[in-house]
Each structure stands twice: as C-alpha cells, then as structure tokens.
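# Summary of structural features
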Amino acid sequence: MAQVQQQKPAPSGAETRHVLPELPYDVAALEPHIDAQTMQIHHGKHHQAYITNLNNALNKHPELFGKSVDELLRGITVIPDDIRAAVRNHGGGHHNHSLFWTVMAPAGKGGGGEPRGVLAAAITRAFGDFAKFKEVLGNAATSQFGSGWAWLTVANGKLEVAARPNQDSPLMDNKTPILGLDVWEHAYYLKYQNRRPDYVAAWWNVVNWEEVARRYAAAL
Ligand code: MN
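The written sequence of each chain sets the order in which its residues are numbered from 1. In keeping with the predicted nature of the model, local features appear solely for residues at pLDDT of at least 70, side-chain atom pairs appear and are counted solely at 80 or more, and the whole-chain, interface and lining totals rest on all residues. To get the side-chain values, all heavy atoms of the structure are used, and hydrogens and water are removed first.

## Re the pairing of strand S2 (residues 158-165)
The following threshold applies: For two strands to be treated as a pair, DSSP must find no fewer than two bridges joining them. Each helix corresponds to a stretch of at least 4 residues labelled H or I by DSSP, and each strand to a stretch of at least 2 residues labelled E; elements are numbered beginning at the N terminus.
Of the strand pairs in this sheet, strand S1 (residues 148-155) and S2 are connected by eight bridges, and their pairing is antiparallel. Opposite Thr-153, over in S2, you have Glu-160 as the bridge partner. Linking S1 back to S2 in an antiparallel pair, the connection comprises two residues, with Asn-156 at a positive phi of about 50 degrees.

Here it is as structure tokens:
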C-alpha cells in the first residue's frame, strides 16, 4: 500500500491520535440560527483540518500523543520550538471547536433561555445581570478584529469575558473556558455574510446553559 504517504506513527498506536468528536446533534438541528451547510463544513472540514494538522505536528514528537489537548495548551510554553506554533493554532482550534459544539443545542430543546442556579448567580455577581453579561460578551465578539473568539472563562474562581485572536485558547493563560463564541467568518459567512452582529444575536438562541453550568462547576 501507499506506505510513502504515511507519517511516522505514534509509538503506542493509532488510538492516541486526535480524532474528530461527533456533533451531539444533527447538522440541521441549530437551524435557523446556524444553518446546516455551515455546520457541515465547519465541523467536517474546518475542525477536521485542525485535528489533521495537530496530528501531523505531533508526529515530530510522538511522545506528546500521550497528552490531552488541554494539557498541551496549558503547557504551551514547554512545547518544543519546532511545533509550538502548530500546537497553539491547531491544538487550539481542536479544543475550541470541541467545546463550541457542546455549548450549543437546538433552540427550545436545551438551547437558549437563561442560565440558572449557581452559574446565574455568578454571572449576576460578575456582570450585574444577565442582560449586561450578554452585552459584554456580544461586544467582545463583534469588536474582535478579524478572526477569533469571545470567551467566558473561569480564573481563580472568577468569571471573565475576553476576546482572543485566531485559535488562541484561554487555557494558555491558565484560564478555563466554559463558553466560547466563534467569530471566524467560516462560522457565519454563508448565512450572515458581513453581518456578524446578526450572527451573534442569533447565537444566544442556541446556547446550552446546562452544559455551560456543568463546565462552570467543573472549573471551580
Ligand atoms: Mn471555527
């Protein structure tokens, strides 16, 4: 077989390579807020490409297949020089998108509405109220210049909102992301073209607050 095309495999076998997680819902499940074609390309092509490129980088240091993406990003400063940028970009892309799919759910079926319980209380404490929080995160998302993400993170038990460029993960600053909004054009351009604020406004209808609350509890 086409052995020349094979990269050097990880020593402990194929199961250590990073693989694309399945979407927790159908590609059309987030319609009309996020269209099926965008979901299909975003998950099947963009997310897969980050994983392929991450695996290709790690092939140069196969011992790193033993680490989770979370560990790779938290320890980004000690990743070998020759693959640090690739791990930052493609490992970041893999981690960010893996989170993104789970913090969304079909509108009215787990998606939308408002957070409850301890997460709701923490948001009120940090931002004043839920409406103010939506404004802060929405502003971070719409004002991010070029490609990037808006994040809700937990650091030292406190909630923070920040935008980051490219696929930079808050994990690189030892902050735990619990909600992320992808504002790369590939996330919205087919349906919303240049209207990023419309995409951001629609996205609130599919936020899975139960999953965000679970991640908040886990991060504390
Ligand atoms: Mn994306």
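Here the narrative resumes.
## A look at helix H3 (residues 81-102)
We apply this condition: Multiply 1.5 Å by the residue count of a helix minus one, and that product is the helix's expected span. In this analysis the local bend is the angle between axes fitted, respectively, to the seven residues ending at and the seven residues starting at the residue.
Counted at 1.5 Å a residue, the expected span for H3 with its 22 residues is 32 Å, and the 32 Å between its end C-alpha atoms agrees. Of all the bends in H3, the greatest measures close to 35 degrees and is centred on Val-87.

## Focus: the side chain of His-61
To keep things clear, this is the line we draw: A 3.5 Å cut-off defines polar contacts: any pair of N or O atoms within that distance qualifies, except that in protein one atom must be a possible hydrogen donor and the other a possible acceptor, and neighbouring residues in sequence count only when both atoms are side-chain atoms. Throughout, a residue-residue contact means that at least one pair of heavy atoms, one from each residue, lies within 4.5 Å.
Within the fold, His-61 resides in the loop between helix H1 (36-58) and helix H2 (69-74). At 2.8 Å, the side chain of His-61 and the side chain of Asp-82 are in polar contact. Leave out the neighbours within four places in its chain, and His-61 touches Pro-80, Asp-82 and Ile-83.

## Some remarks on the coordination of the manganese ion
Ideal values differ by geometry: the angle at a metal is 109.5 degrees with four tetrahedral donors, but 90 or 180 degrees with six octahedral donors. Applicable threshold: Ligating atoms shown are N, O and S within 2.8 Å of the metal, or 3.2 Å for Na, K and Ca, and water is not included, meaning a site may look less than complete. Partly exposed residues are those whose accessible area sits between 20% and 50% of the maximum for their type, while under 20% is buried and over 50% is exposed, using a 1.4 Å probe and protein chains only.
Surrounding the manganese ion are the protein donor atoms His-42 (NE2), His-97 (NE2), Asp-182 (OD) and His-186 (NE2), which sit 2.0 to 2.1 Å from the metal. Taken in chain order, the donor set of the manganese ion reads H-x54-H-x84-D-x3-H. Here His-42, found in helix H1, pairs with Asp-182, found in strand S3 (residues 176-182); they are 140 residues apart in sequence, far enough to count as distant. Taking relative accessible area as the criterion, His-42 reaches 2% and is therefore assigned buried.

## Things to note about the pattern of salt bridges
To keep things clear, this is the line we draw: When a carboxyl oxygen of Asp or Glu is within 4 Å of a side-chain nitrogen of Lys or Arg, the pair counts as a salt bridge.
Tallied over the full model, the rule gives nine salt bridges. Close ionic contact of Arg-195 with Asp-198 constitutes a salt bridge, the shortest N to O distance being 3.1 Å. For Glu-211, the salt bridge goes to Arg-215, with nearest N and O atoms at 2.9 Å. One end of the pair, Glu-211, and the other, Arg-215, are both in helix H8 (residues 209-219), four residues apart, so they sit about a helical turn from each other. Connected via shared salt-bridge partners are Glu-211, Arg-214 and Arg-215.

## Digging into the environment of Leu-72
Relative to the helices and strands, Leu-72 is located in helix H2. Overall, Leu-72 belongs to the buried group, its relative accessible area being 0%. Between the C-alpha atoms of Leu-72 and Asn-194, which are 122 residues apart in sequence, the distance is 34 Å. Once residues lying within four places of it in the same chain are set aside, the contact partners of Leu-72 are His-18, Leu-54, Leu-58, Leu-64, Lys-67, Ile-79 and Val-87.

## Some thoughts on unusual backbone geometry
Keep in mind that most residues, glycine aside, have a negative phi and that most peptide bonds are trans. In this chain, Glu-31 is followed by Pro-32 through a cis amide linkage whose omega measures 0 degrees. Inspection of the secondary structure puts Pro-32 in the segment before H1. One non-glycine residue, Asn-166, lies in positive phi territory at about 55 degrees. With respect to the helices and strands, the residue Asn-166 is situated in the loop between S2 and S3. With a relative accessible area of 38%, Asn-166 lands in the partly exposed category. Located in the positive-phi region is Asn-174, a residue other than glycine, with phi close to 60 degrees. Note that Asn-174 resides in the loop between S2 and S3. Among the residues examined, Asn-174 registers a relative accessible area of 55% and is labelled exposed.

## With respect to helix H5 (residues 130-143)
Rules: Throughout, the arc means that of the directions going from the helix axis to the C-beta atoms.
Taking 1.5 Å per residue as the helical rise, H5 with its 14 residues ought to reach 20 Å, and the 20 Å between its terminal C-alpha atoms agrees with that figure. Within H5 the residues assigned to the buried category are Phe-130, Phe-133, Leu-137, Gly-138, Ala-140 and Ala-141. Summarising the axial view, the buried residues of H5 lie within an arc of 155 degrees, below the 170-degree limit, and thus occupy one face. Exposed and facing more than 90 degrees away from the buried side of H5 are Ala-131 and Ser-143. Each element contacted by the buried residues of H5 is listed here: helix H4 (117-127), S1, S2, S3, helix H7 (196-203) and H8.

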